[in-house]
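Fold and geometry: a report
Each chain is listed here by its residues.
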Amino acid sequence: MSVKEAILEIIITAETPLSPGEVEKSSGLDRKEIDKALKELKKENAIYSPVRCKWAPVKAEA
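Below is a summary of the structure that appears in this document.

What counts and how
Residues numbered from 1 in each chain as written. Predicted model: local features only at pLDDT ≥ 70, side-chain atom pairs only at ≥ 80, totals over all residues. Heavy atoms only, no water. Axes fitted to C-alpha atoms, helices over the stretch in contact; angles between N-to-C directions. Helix = DSSP H or I, 4+ residues; strand = E, 2+ residues; numbered from the N terminus. Parallel < 35°, antiparallel > 145°, perpendicular 65-115°, else oblique. Contact = heavy atoms within 4.5 Å. Nonpolar A, V, L, I, M, F, W, Y, C, P; charged D, E, K, R; others polar. Salt bridge = Lys/Arg side-chain N within 4 Å of Asp/Glu carboxyl O. Buried < 20%, exposed > 50% of the residue type's maximum accessible area, 1.4 Å probe, protein only. Core = buried A, V, L, I, M, F, W, Y, C linked by side-chain atoms within 4.5 Å.

1. Overview of the packing of helix α1 (residues 3-13) against helix α3 (residues 31-43)
Two numbers describe how α1 lies on α3: the axes approach to 9 Å, and their chain directions differ by 80°. The angle between α1 and α3 places the two elements in the roughly perpendicular class. Seen from α1, the contacting residues are Val3, Lys4, Ile7, Leu8 and Ile11; seen from α3, they are Glu33, Ile34, Ala37, Leu38, Glu40 and Leu41. Residue composition of the contact of α1 with α3, by class: eight nonpolar, no polar and three charged.

2. Some words on the pattern of salt bridges
If you walk through the whole model with that rule in mind, you get five salt bridges. In this structure, Glu40 engages Lys4 in a salt bridge whose closest nitrogen and oxygen atoms are separated by 3.8 Å. A residue pair is termed long-range when its members are at least 10 positions apart, and Glu40 in helix α3 and Lys4 in helix α1 qualify at 36 residues. The class of Lys4 is partly exposed, set by a relative accessible area of 23%. Residues participating in the shared-partner salt-bridge network are Lys4, Glu40 and Glu44.

3. Concerning the environment of Lys25
Along the polypeptide, Lys25 turns up in helix α2 (residues 20-27). Judged by its relative accessible area of 76%, Lys25 falls in the exposed class. Considered as a pair, Lys25 and Ala37 are twelve residues apart in the sequence and their alpha carbons are 15 Å apart.

4. Some thoughts on the nonpolar core
If you look at the biggest cluster of nonpolar residues, it comprises eleven residues: Ile7, Ile10, Ile11, Leu18, Val23, Ile34, Ala37, Leu38, Leu41, Ile47 and Trp55. Sorting the residues of this core by element identifies α1 and α3 as the ones contributing at least two each. Per-element accounting of this core gives the leading share, four residues, to α3. Beyond its immediate chain neighbours, meaning those up to four positions away, Ile47 contacts Leu8, Ile11, Leu38, Leu41, Lys42, Trp55, Ala56, Pro57 and Val58.

Structure (structure tokens):
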């Protein structure tokens, strides 16, 4: 599993939007890797920021 996939899985399973620090605590990954993956996931429209500095998954439309 790639870093991006691992981070996306953590964000999807969380019940609330997560900050990069919370993702770091949950995953044990390096903060720089997390920031890079979050940037890529944002570009891919896989995540969005409902609250400043917190990330949530984009809901799939039915």
